[in-house]
Amino acid sequence: MSTALRRTIFLVLLLIAWEAGFRLFDWGWKFPSVTQTLQAFYDGFVHGDLLAASLSSMRRLIVSFIISIALGTTLGFLFARFKLLDDTIGFVVVALQTIPSIAWLPFAIIWFGLNEAAVIFITTLGATWTMALSSRTGIKNIPPIYLRAAQTMGTGNGLKMFVQVMIPAAFPHLINGVRVAWAFAWRALVAGELIAKGTGLGQLLQEGRNLGDTSLMLCIVIIIAVLGTLSDHFCFKRLEDKVLERYGLAGSKAK
């Protein structure tokens with residue numbers, strides 16, 4: 001039995017158990033049924049609310065994610081190459097990673113107001129520190145022989161060394177950092193959108209809570225889960241497989 005078939009059967013059984021539980025135990029307003037959730041999906045996409053909110057959230061997420069990847073990778077490289085920075089700023093970054101990004105939301109509101117800039121700021125913070133620590137670990141774990149061989153072949157110690165040698169050698173750590181950063185960015189995004197003005201999945205989630213519409217709330221949770229799963233499977237995982245195959249590391253991954 002293939003993996004896809006097993007997952008399909010599991011999801012079908014899960015839906016059956018979900019609907020049966022709703023009818024047998026009379027969850028009522030506490031949790032919606034499968035049919036109520038499907039109806040909420042239909043109404044949301046027909047009226048355009050869910051689609052508009054999803055596109056708005058994805059736009060904010062992608063902008064924030066690109067910023068956080070650029071900042072995090074650069075910080076990780078600096079921490080790995082310069083011990084003074086690692087012992088000072090790197091120490092602070094480790095502490096900052098333990099702080100939930102939502103804790104910075106009051107500051108973001110004061111600095112930027114209840115607008116898109118505050119959401120992007122919060123979302124960027126949610127992913128940057130994780131990416132910085134992952135890239136630092138990856139670069140520090142590069143076998144020194146790789147760097148010496150590259151220098152012998154005339155690569156030097158500048159940007160060329162970073163792009164052509166360090167990034168590929170540290171890629172297994174980097175891709176794990178990217179995946180975790182993507183998940184953290186989603187969490188920060190939804191939390192920021194809960195109070196920001198404008199459209200977004202977080203705003204719709206807040207609207208569903210205000211109306212007591214559990215079907216709408218569950219729709220948004222499912223959309224976030226589906227978008228996160230699809231992006232990881234069709235983007236990050238495929239990128240990882242291609243890079244590992246290109247640099248002859250696919251066999252070691254399988255082991």
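Small disclaimer: the values here were computed from a predicted structure and weren't measured.

Quick notes on the overall build of the protein chain
Line of reasoning, step 1. Scanning the protein chain for helices and strands turns up 12 helices and 0 strands.
Line of reasoning, step 2. Reading the protein chain from its N terminus to its C terminus gives the helix and strand order α-α-α-α-α-α-α-α-α-α-α-α.
Line of reasoning, step 3. Reported as C-alpha extents along the three principal axes, the dimensions of the protein chain are approximately 70 × 55 × 30 Å.
Line of reasoning, step 4. Taken over 255 residues, the protein chain has a buried fraction of 39%.
Line of reasoning, step 5. Accessible surface, the protein chain: about 14,800 Å² in total, of which carbon and sulfur atoms supply 69%.
Line of reasoning, step 6. Between the averaged position of the 22 positive side-chain charges in the protein chain and that of its 14 negative side-chain charges there is a distance of 12 Å.

Observations regarding the layout of surface pockets
Line of reasoning, step 1. Space inside the largest pocket adds up to approximately 670 Å³.
Line of reasoning, step 2. In terms of lining, the largest pocket is formed by 18 residues, of which the most central are Arg7, Leu11, Ala225, Val226 and Thr229.
Line of reasoning, step 3. For the lining of the largest pocket, the secondary-structure elements that each account for two or more residues are helix H1 (3–25), helix H2 (34–47) and helix H11 (214–246).
Line of reasoning, step 4. Taken together, the residues of the lining of the largest pocket sort by class into 13 nonpolar, 4 polar and 1 charged.
Line of reasoning, step 5. Of the pockets and cavities examined, the second largest pocket occupies roughly 190 Å³.
Line of reasoning, step 6. Lining the second largest pocket are 14 residues, with Ile99, Pro100, Ser101, Gly126 and Phe184 sitting closest to its centre.
Line of reasoning, step 7. Those elements that place two or more of their residues in the lining of the second largest pocket are helix H4 (83–97), helix H6 (116–140) and helix H9 (171–193).
Line of reasoning, step 8. Residues that form the lining of the second largest pocket fall into these classes: 9 nonpolar, 4 polar and 1 charged.

Regarding the pattern of salt bridges
Line of reasoning, step 1. Under the defined criterion, the tally for this structure stands at 8 salt bridges.
Line of reasoning, step 2. Arginine 59 is paired through a salt bridge with glutamate 116; the nearest N and O atoms lie 2.5 Å apart. With arginine 59 in helix H3 (residues 49–81) and glutamate 116 in helix H6, this residue pair connects regions lying 57 residues apart in the sequence.
Line of reasoning, step 3. Overall, the relative accessible area of 41% leaves arginine 59 in the partly exposed class.

Focus on the packing of aromatic side chains
Line of reasoning, step 1. For the structure shown, the criterion picks out 10 aromatic pairs.
Line of reasoning, step 2. Put simply, the rings of Trp104, Phe107, Trp111, Phe112 and Phe121 pair up and form one aromatic cluster.

Considerations on the UniProt feature "transmembrane region" (unreviewed entry) in the protein chain
Line of reasoning, step 1. Following the UniProt record, the feature "transmembrane region" (unreviewed entry) maps to residues 61–82, 89–112, 118–139, 159–184 and 215–236 here.
Line of reasoning, step 2. Counted over residues 118–139, helix gives 100% and strand 0%. Its end C-alpha atoms are 32 Å apart.
Line of reasoning, step 3. With 96% helix and 0% strand, the stretch residues 159–184 has end C-alpha atoms that lie 29 Å from each other.

Looking at empty space enclosed by the protein
Line of reasoning, step 1. Here the structure, examined in full by the defined rule, presents 1 cavity of 30 Å³ or more.
Line of reasoning, step 2. One number sums up the size of the largest cavity: a volume of about 30 Å³.
Line of reasoning, step 3. Counting only elements with at least two residues in the lining of the largest cavity, the list comes to helix H5 (105–112) and H6.
Line of reasoning, step 4. Classifying every residue of the lining of the largest cavity gives 7 nonpolar, 3 polar and no charged.

Focus on the environment of tryptophan 104
Line of reasoning, step 1. Note that tryptophan 104 resides in the loop between H4 and H5.
Line of reasoning, step 2. Relative accessible area serves as the criterion here: at 23%, tryptophan 104 is assigned to the partly exposed category.
Line of reasoning, step 3. The spatial distance from the C-alpha of tryptophan 104 to the C-alpha of phenylalanine 121 is 9.1 Å, given a sequence separation of 17 residues.
Line of reasoning, step 4. Other than its neighbours up to four places away in sequence, tryptophan 104 contacts Leu96, Ile99, Ile122 and Leu125.

A few points about the confidence of the model for the protein chain
Line of reasoning, step 1. Here the protein chain shows a mean pLDDT of 84. Residues at 70 or above account for 93%.
Line of reasoning, step 2. The least confident element of the protein chain, judged by mean pLDDT, is helix H12 (residues 250–254) at 51; the most confident is H3 at 91.

Notes on the nonpolar core
Line of reasoning, step 1. Counting residues in hydrophobic clusters, the biggest one holds 40 residues, and the most contacted among them are Leu50, Ile139, Met166, Trp186, Leu201 and Ile220.
Line of reasoning, step 2. A total of 10 residues in this core trace back to one element, the largest contributor, which is H9.
Line of reasoning, step 3. Ignoring any residue separated from it by four or fewer positions in sequence, one finds leucine 201 in contact with Ala53, Ser54, Ser57, Trp186, Glu193, Ile220, Ile223 and Ile224.
Line of reasoning, step 4. By size, the runner-up hydrophobic cluster in this structure holds 7 residues, among which are Phe79, Leu125, Ala132 and Leu133.

With respect to H2
Line of reasoning, step 1. A rise of 1.5 Å per residue sets the reference length of H2, with its 14 residues, at 20 Å; its end C-alpha atoms lie 20 Å apart and thus fit the reference within 8%.
Line of reasoning, step 2. Regarding H2, the residues found buried are Val34, Thr37, Ala40, Phe41 and Gly44. Seen end-on, H2 carries its buried residues on one side only, within an arc spanning 125 degrees. Along H2, exposed side chains directed more than 90 degrees from the buried face belong to Leu38, Tyr42 and His47.
Line of reasoning, step 3. Among the residues trailing H2, glycine 48 stands out with phi positive, at a value near 90 degrees.

Cut-off values and rules
- Residues numbered from 1 in each chain as written.
- Predicted model: local features only at pLDDT ≥ 70, side-chain atom pairs only at ≥ 80, totals over all residues.
- Heavy atoms only, no water.
- Helix = DSSP H or I, 4+ residues; strand = E, 2+ residues; numbered from the N terminus.
- Buried < 20%, exposed > 50% of the residue type's maximum accessible area, 1.4 Å probe, protein only.
- Areas by Shrake-Rupley, 256 points an atom, 1.4 Å probe, with all protein chains shown as cover.
- Lys, Arg positive; Asp, Glu negative; His and termini not counted.
- Charge placed at Lys NZ, Arg CZ, Asp CG, Glu CD.
- 1 Å grid on protein atoms, 1.4 Å probe; cavity = no way out; pocket = protein on both sides within 12 Å on 5 of 7 lines; lining within 4 Å.
- Points joined across faces, edges and corners; volume = space filled by probe spheres on them.
- Nonpolar A, V, L, I, M, F, W, Y, C, P; charged D, E, K, R; others polar.
- Salt bridge = Lys/Arg side-chain N within 4 Å of Asp/Glu carboxyl O.
- Phe/Tyr/Trp six-rings, centres within 6.5 Å; stacked < 30°, edge-to-face > 60°.
- UniProt positions renumbered as here; feature names shortened; annotations may be inferred.
- Contact = heavy atoms within 4.5 Å.
- pLDDT = per-residue confidence, 0-100.
- Core = buried A, V, L, I, M, F, W, Y, C linked by side-chain atoms within 4.5 Å.
- Expected span 1.5 Å × (residues − 1).
- Arc of directions from axis to C-beta.

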